[in-house]
Amino acid sequence: MTSDRRTRRRVAATVLVMVIIVSAFVVRLVDIQVVRAADLATEAEARRSIPQTLQGLRGDIVDRNGVALADSVYRYDITVSPRFVGDYTLVNSETGEREKHSVWDALTSIAELTDTDPLDLLERIETALEANPNSDHAYLVRRVPTDVFQQVRDLRVPWVYSERIASRTYPNGQVAGNLVGFLGTDGPQTGLELRLDECLSAVNGSSTFERGADGVRLPGSTVVHQEPIDGGTLHTTIDSDLQWFAQQKLEEQARAVGADWATAMVVSVRDGHIIAAADWPTVDPNDVNSTHPDNLGSRIFSWPYEPGSTMKSISIAAMLDAGVTTPGERIGVPARYDTINGWQIRDAWAHDGLKLTTAGILMNSSNVGTSLLGERLTFAQREQYFRDFGFGSPTAVSFLGEESGIVRPADSIDGHGAYMQLFGQSISVTSAQMAQAYQAIANGGVLQPLTLVTGCEREDEMTHLPETEGTRVISQQAANQTVQILESVVTEGFVGPQLTVPGYRVAAKTGTAEVPVNGVYTSERIVSVAGLAPAENPEFVVIVTLGKPDTMKVAAAAAPPFQQIMTQVLKTFRVAPSTQPPPRLPTTW
Amino acid sequence: MSALAQPLGAPAAPAKAPEPRRRLRPVEVTPSREQRRQRPRALAATIAVSGVFAILLAQLMLSIQLSEGAYRITAAEGQLVELSRSSQVLSENLARLESPQNLAAQAESLGMVVNSSSAYLRLADAAVLGTPVAASAQSGVLDGRASTVGNVLLVDVPLVVPAAAGEALGVAPTPSSPGPLASAEEPTGPEPLPAPITQ
């Protein structure tokens, strides 16, 4: 009997203990899961889960050889937690002794490293504290380079922190600065940086990770919610070495003759690629503030002007194509050409009647002769040829702020302007358009769309591919004849010796345009040389333009940079020297 | 012990009761094969217990390793960040030193010049193409002038040979003759390759 009772008691005790234990667990469970659920979840979340921005890097802009023209780098903002600013003690890592440091010591060291004023830093802290006594964040120095940041960090000041920011650097400075553009604090401001921002810009991603009480990231706890997408690499057709050379030579000459502005372009004949596009004055994208806002863009694309006699090559090429003349046709060129309202067209030099061939008219750059020949084309034909050569509309580059220039419509142009435009007055073009037109002549009459960007490379995929379809503007024969006539400018013209490149046959045309101000032509000039080489098989077009030179108002001012740039281009691309002598076209009779 | 109590006792009791009457003598109890099989074996127990301990120990080691690994990853990541920072500093520096205006200025400060007239030798028939002209001391792109193509990144980059030191343009400074220290170091260079043994 006792044994039986004992068993029952034991069972009861066990059940009781189990009930107590289970109910304790239940109470605890309800407490955690229901009563304090929200608080605990928030606390746990905050304690473990750390959100993080995954920064995507903006794409590089590179030249034709992959040299970076614009490069993404990291910079660091040195920040401070103002409410914790105070004297502090550090263990010297060498001696192992504790050393006291004052606020002033720390600020002096930081100022020394970052090249700032310690008083200024102190003021920033005090300003932040005045605004909010519990201030936890203020900038001490912004955008310091990595090595400076590392030195500041090694000071181990407990209340100094840092923030990494993506920044932009332009390792080649002013080289192609006018094309590349730059990044301001609010993003891209101009040039390719802005025009093709959709290619270059990165998309930031986000992730969270969990960390332990000691700040160490828990293994395997990182969850990436959104992968960052780096920007694409923008490939340009520029050759940075040639671009530098062109800018250097252009600026030397522009300063020497007191020009207001100058442009130089090198275009590859076969594909219309822009090898160099030099502007002066230009901008160093690393230091935008030291450049006048007018000079931040590229005048090559955004600055139409009346080109003057370089346009005669286009006009004569059009006439040869239309079959209204031949290079050897004999023309009697009078002293002047009467248009409408008693207005006259004269040549740059006074002469009586001249016996010139069509080739001689272009070689001697006779306005009267060009006008005489021009009679044979209708106004509509003239306009059509100009438009076919790409004038009056932006080039395929579609550069930021690109201008179209003005080609006056045939139905509204006056009888004087219709002749003036044949020799490049009363028509306005950009340097890019003129280079494109010469490219068409050099390329046997096929105009290739001018190209600055060959594509945007993102994850082995190329987008933003340029147009490559050429359009025939004039016949092969007309183009070849024009090139031959242009050779005589170099072999026989009076500026010729300055345009000669030893070992190569060069074809070129000079231009000295009068600059109109309020509808009246002034004594200001825009001088230019446009040409191509080697003449027997043209590979490169070079065009140099100087705006409003003071000391030398003739095209010869633009000859030295043309000759130097052309020489450098032929050398850089290892163009085979010419083996045959240039043809001698009769220019007089 | 009364006889009355006997039937009430536990089944084990009858064995106990007659004991005092019997003479104590050793009884050999040979467990049946079945009993022997049922008896817990020491070996199995040892294996089980040590297995549990081994698992516990392995788990402990694993978690130690894991957390150790986490710290090492953190340290290595820190190192990676630091190294990529250094790499960035160096490549940034390289890019600005590589810029054409710096290269030209440096090359010309060393007395190098550009030969603007290039000529080519055609190997097929040994013909010279182009017009070879010797470069003069003045045929540098900059020719002693400062580069006009600015780059603020280069303001603190000195020329290899400062313009004042390179007196004669176009003449490369003679390399400093090796001092006694340099000649003393010479024999300690890498050993020459052994002469090939031919059979």
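Each chain carries its own residue numbering, running from 1 in the written order of its sequence. Numbering of ligands from 1 and lettering of chains from A proceed in the order in which they are written. The predicted nature of this model means local features are confined to residues of pLDDT at least 70 and side-chain atom pairs, given and counted, to a pLDDT of 80 or more, with totals for whole chains, interfaces and linings taken over all residues.

Some details on the domain arrangement of chain A
Residues and elements named next belong to chain A.
Inference 1: An automatic or database domain assignment is the source of the domain bounds shown. Taken domain by domain, chain A consists of domain 1 (53-219) and domain 2 (245-282 + 305-572).
Inference 2: Secondary structure elements are taken from DSSP: a helix is a run of H or I of four residues or more, a strand is a run of E of two residues or more, and numbering for both begins at the N terminus. Going through the elements one at a time, helix H6 (177-180) and helix H7 (191-195) are the ones with two or more residues in the side of domain 1 that touches domain 2.
Inference 3: Grouping the constituent residues of the side of domain 1 that touches domain 2 by class yields 5 nonpolar, 5 polar and 1 charged. Residues are sorted three ways: Asp, Glu, Lys and Arg are charged, Ala, Val, Leu, Ile, Met, Phe, Trp, Tyr, Cys and Pro are nonpolar, and all the rest, Gly among them, are polar.

What to know about the domain arrangement of chain B
Inference 1: Here chain B is partitioned into domain 1 (41-98) and domain 2 (100-170).
Inference 2: Here the C-alpha centroids of domain 1 of chain B and domain 2 of chain B sit 55 Å apart.

A look at the interface of chain B and chain A
A common way to report how large an interface is uses the accessible area buried once the components associate.
Inference 1: Between chain B and chain A, the contact holds 33 residues from the first and 35 residues from the second.
Inference 2: Listing elements by their share of the side of chain B that touches chain A, those giving two or more residues are helix H4 (42-97), helix H5 (100-109), strand E1 (119-122) and strand E2 (127-130) of chain B.
Inference 3: Tallying contributions element by element places H4(B) first for the side of chain B that touches chain A, with 12 residues.
Inference 4: Per-class residue counts for the side of chain B that touches chain A are 16 nonpolar, 14 polar and 3 charged. By definition, residue pairs are in contact when their C-beta atoms, positioned from the backbone, come within 7 Å.

Some details on the environment of A:Ala559
Residue and element names in this part refer to chain A.
Inference 1: You can see alanine 559 is positioned in helix H19 (residues 559-572).
Inference 2: Overall, alanine 559 belongs to the buried group, with 23 C-beta atoms counted inside 10 Å.
Inference 3: Separated by 63 residues in the primary sequence, alanine 559 and glycine 496 place their C-alpha atoms 8.9 Å from one another.
Inference 4: What alanine 559 contacts, discounting residues up to four positions off in sequence, is Val495, Gln498, Leu499 and Val529. Whether a residue is buried, exposed or partly exposed follows from its count of other C-beta atoms within 10 Å of its own C-beta, namely 20 or more, 12 or fewer, or something in between, respectively; the C-beta atoms are built from the backbone.

A word on the pairing of strand E20 (residues 453-458) of chain A
All names here are of chain A.
Inference 1: DSSP-based pairing: two strands are paired if at least 2 bridges between them are found. Two strands pair when backbone bridges link them, and strand E12 (residues 233-236) and E20 are joined in this way by 4 bridges, in the antiparallel orientation. Looking at E20, one finds that threonine 233 is bridged to glutamate 457.
Inference 2: Of the pairings in the sheet, the one linking E20 to strand E21 (residues 461-463) comprises 3 bridges and is antiparallel in character. Counterpart to arginine 458 in the pairing with E21 is glutamate 461.

Section: the sheet that holds strand E13 (residues 261-268) of chain A
Sheets are built from strands paired through backbone hydrogen bonds, the pairs being either parallel or antiparallel.
Residue and element names in this part refer to chain A.
Inference 1: Taken together, the 5 strands give an open sheet; going across it, the order is E14-E13-E25-E24-E23, and neighbouring strands pair in antiparallel fashion. Each of the sheet's edge strands pairs with one partner strand only, and the pair in question is strand E14 (274-280) and strand E23 (507-517). Between one strand axis and the next, the sheet turns by 10° as a mean value, whatever way the strands run.
Inference 2: Orientation is described by lines fitted to C-alpha atoms, with helices fitted over the stretch in contact, and by angles between N-to-C directions that extend from 0 to 180 degrees. Helix H9 (residues 240-256) rests against E13, E14 and strand E25 (540-547) of the sheet, and its axis sits at about 30° to E14.

Some remarks on the environment of A:Val575
All names here are of chain A.
Inference 1: As for its position among the elements, valine 575 is in the segment after H19.
Inference 2: By the C-beta count within 10 Å, which is 20 here, valine 575 ends up buried.
Inference 3: Placed 36 residues apart in sequence, valine 575 and glutamate 539 show a C-alpha to C-alpha distance of 8.1 Å.
Inference 4: Excluding residues that lie within four positions of it along the chain, valine 575 makes contacts with Pro534, Glu539 and Leu570.

Focus: unusual backbone geometry
All names here are of chain A.
Inference 1: For the bond from tryptophan 280 to proline 281, the omega torsion is 0°, close enough to zero to count as cis.
Inference 2: Within the fold, proline 281 resides in the loop between E14 and helix H10 (299-302).
Inference 3: The residue after alanine 533, namely proline 534, is reached through a cis peptide bond having omega -15°.
Inference 4: With respect to the element layout, proline 534 can be found in the loop between strand E24 (520-533) and E25.
Inference 5: Of note, the phi angle at alanine 176 is positive, near 65°, even though the residue is not glycine.
Inference 6: Here alanine 176 is to be found in the loop between strand E7 (160-169) and H6.
Inference 7: Phi at serine 365 is positive, roughly 55°, even though this residue is not glycine.
Inference 8: Mapping serine 365 onto the fold places it in the loop between helix H12 (358-364) and helix H13 (367-374).

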